Amino acid sequence: MAHFDQKNYDRARPYLERAVELFPYQAGIGNPFDKLATIHEAEGDQEKVASALRGWVAYDENQAEPLRRLARWREGRGEKQEAIDLLRQSFYIDPFHYAAHSQAGRLHLDLGQPEKAIRELEVALANRPPNPAEAHVQLGRALRAGGRWGEAKGSVLRALEMAPSYTEAQELLLDLVDLAPPAEDKSGKEATPPSSRN
């Protein structure tokens, strides 16, 4: 549609609204629901964005993108569990989307669910994210939250192998050294934590 492509949204809107009424089953990226959501997003009307995306989901169950966009909208409203539920629906359609798994992992961590976060972040890492060092750091945070200190340190060290100057990885490694529970020596006594050594 020329008006939409030229970002003449005031003229494009009535045609798209009519198309939604007449042809709601028109599927795929770029359908009228998708374009209406884009218009509403440009206008800053998030409620209408969500309404358009819900319409898209209702008539096209084979697209993961509207579910992922709804999940971002839910997260923006602080509705983290609802966002996770939408992401899980999207995985049935597109199980290899690293960014969606990464978002789910971060949300699980925010909700105090480190083991679920670890699972999602491991899947994200397995799907070759464009920034693997960042993915290793995210996984390291989840492993630390789950009390898996050694694995967390290993994940952070892998991040530093890829990006030695990565500040977040350096800071997380220092935290792991300072906060890790003291190990036991061969006599069964606790070793002195690194942070308290002279």
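Relevant structure appears above.
Bear in mind the structure is a predicted one, so any value in this text is a computation, not a measurement.

Remarks on the pattern of salt bridges
Stage number 1. Across all of its chains, the model carries 17 salt bridges by this definition.
Stage number 2. In this structure, the salt-bridge partner of Asp10 is Arg13, at a minimum N-O distance of 3.6 Å. Of this pair, Asp10 and Arg13 are both found in helix 2 (residues 9-22), three residues apart, which corresponds to roughly one turn of the helix.
Stage number 3. Here Asp10 falls in the exposed class, since its relative accessible area comes to 59%.

With respect to the side chain of Ser155
Stage number 1. Looking at the element boundaries, Ser155 is found in helix 10 (residues 149-162).
Stage number 2. Ser155 gets classed as buried once you look at its relative accessible area, which sits at 0%.
Stage number 3. Among residues more than four places away in sequence, those in contact with Ser155 are His136, Leu139, Gly140 and Leu143.

Examining unusual backbone geometry
Stage number 1. The residue Arg128 is not glycine, and still its phi comes out positive at about 55°.
Stage number 2. Here Arg128 shows up in the loop between helix 8 (114-126) and helix 9 (132-145).

Side note on the packing of aromatic side chains
Stage number 1. Scanning the entire structure with this criterion turns up two aromatic pairs.
Stage number 2. Where Tyr25 meets Tyr59, the ring centres are 4.9 Å apart and the plane angle is 85°; that geometry is what we call edge-to-face. Residue Tyr25 is found in the loop between helix 2 and helix 3 (32-42), and its partner Tyr59 is found in helix 4 (residues 46-59); the two are separated by 34 residues along the sequence.
Stage number 3. Exposure remark for Tyr59: the relative accessible area of 36% places this residue in the partly exposed category.
Stage number 4. Seen in terms of ring centroids, Phe33 and Tyr59 are 5.9 Å apart; in terms of plane orientation they differ by 15°. Their pairing is stacked. Taken together, the residues Phe33 in helix 3 and Tyr59 in helix 4 connect sequence positions 26 residues apart.
Stage number 5. Through a chain of ring-to-ring contacts, three or more aromatic side chains come together here, namely Tyr25, Phe33 and Tyr59.

Thresholds, definitions, all that
One numbering rule holds for all chains: residues counted from 1, following each sequence as written. pLDDT decides what is reported in this predicted model: residues at 70 or higher carry local features, side-chain atom pairs at 80 or more are listed and counted, and totals for whole chains, interfaces and linings draw on all residues regardless. Side-chain metrics rest on all non-hydrogen atoms present in the structure, leaving aside hydrogens and water. In the sections that follow, a salt bridge refers to a side-chain nitrogen of Lys or Arg positioned within 4 Å of a carboxyl oxygen of Asp or Glu. Labels follow the DSSP assignment, with helices taken as runs of H or I lasting at least four residues and strands as runs of E lasting at least two, numbered in each case from the N terminus. Residue burial is assigned from relative accessible area. The probe radius is 1.4 Å, only protein chains are included, and a residue is buried under 20% of its type maximum, exposed over 50%, and partly exposed in between. Two residues qualify as a contact provided that any one of their heavy atoms is within 4.5 Å of a heavy atom in the partner residue. Note on aromatic contacts: the rings of Phe and Tyr and the six-membered ring of Trp form a pair at centre separations within 6.5 Å, being stacked when their planes are under 30 degrees apart, edge-to-face when over 60 apart, and tilted otherwise.

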